[in-house]
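Read off the chains here:
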Amino acid sequence: MFLRDGGYVGSIEGLHDWSEYVKEYAIMLQKPVSRAPSIGVAISAVCSSDCNWLG
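What counts and how
Residues numbered from 1 in each chain as written. Predicted model: local features only at pLDDT ≥ 70, side-chain atom pairs only at ≥ 80, totals over all residues. Heavy atoms only, no water. Helix = DSSP H or I, 4+ residues; strand = E, 2+ residues; numbered from the N terminus. Buried < 20%, exposed > 50% of the residue type's maximum accessible area, 1.4 Å probe, protein only. Contact = heavy atoms within 4.5 Å. Pairing = 2+ DSSP bridges. Phe/Tyr/Trp six-rings, centres within 6.5 Å; stacked < 30°, edge-to-face > 60°. pLDDT = per-residue confidence, 0-100.

Draft legend 1. Structural view of the overall build of the chain. Helix and strand content of the chain: 1 helix and 2 strands. Counted from the first residue to the last, the chain has its helices and strands arranged as β-β-α. Buried residues in the chain amount to 9% of all 55 residues. A sequence separation of at least 24 residues applies to 38% of the contacts in the chain between residues at least 6 apart.

Have a look at this one:
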């Protein structure tokens, strides 16, 4: 995983030859900081007629 100033840049997954790591490292140095990937769990709320948290 590559971070810059605490922000996510990217990651290299799996096992590779050293030359591939060097190539990917150079790419990571050029990439901007972005949002880290998430697991993509959808969140929704269902409220019945007796639900009072909406005010």
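So much for the structure itself; the text now carries on.
Draft legend 2. Structural view of the pairing of strand S2 (residues 7–10). Of the strand pairs in this sheet, strand S1 (residues 2–4) and S2 are connected by 3 bridges, and their pairing is antiparallel. Note that in S2 the partner of Phe2 across the bridge is Gly10. Where S1 hands over to S2, the hairpin turn is made up of 2 residues, of which Asp5 adopts a positive phi near 50°.

Draft legend 3. Region of the structure containing the packing of aromatic side chains. The full count for this structure, using the stated rule, is 2 aromatic pairs. For the ring pair Phe2 and Tyr25, a centre distance of 5.9 Å and an interplane angle of 55° mean the geometry is tilted. Here Phe2, found in strand S1, pairs with Tyr25, found in helix H1 (residues 18–30); they are 23 residues apart in sequence, far enough to count as distant. For Tyr25, a relative accessible area of 45% gives the class partly exposed. Seen from their ring centres, Trp18 and Tyr21 are 6.3 Å apart, and the 50° between their planes marks the pair as tilted.

Draft legend 4. Up close: unusual backbone geometry. Backbone geometry places Asp5, a non-glycine residue, at a positive phi of 50°. Turning to its location among the elements, Asp5 is positioned in the loop between S1 and S2. Relative accessible area serves as the criterion here: at 82%, Asp5 is assigned to the exposed category.

Draft legend 5. Structural detail: the confidence of the model for the chain. When pLDDT is averaged along the chain, the result is 83; 75% of the residues meet or exceed 70. Least confident of the elements in the chain is S1, whose mean pLDDT is 92; most confident is H1, at 94.

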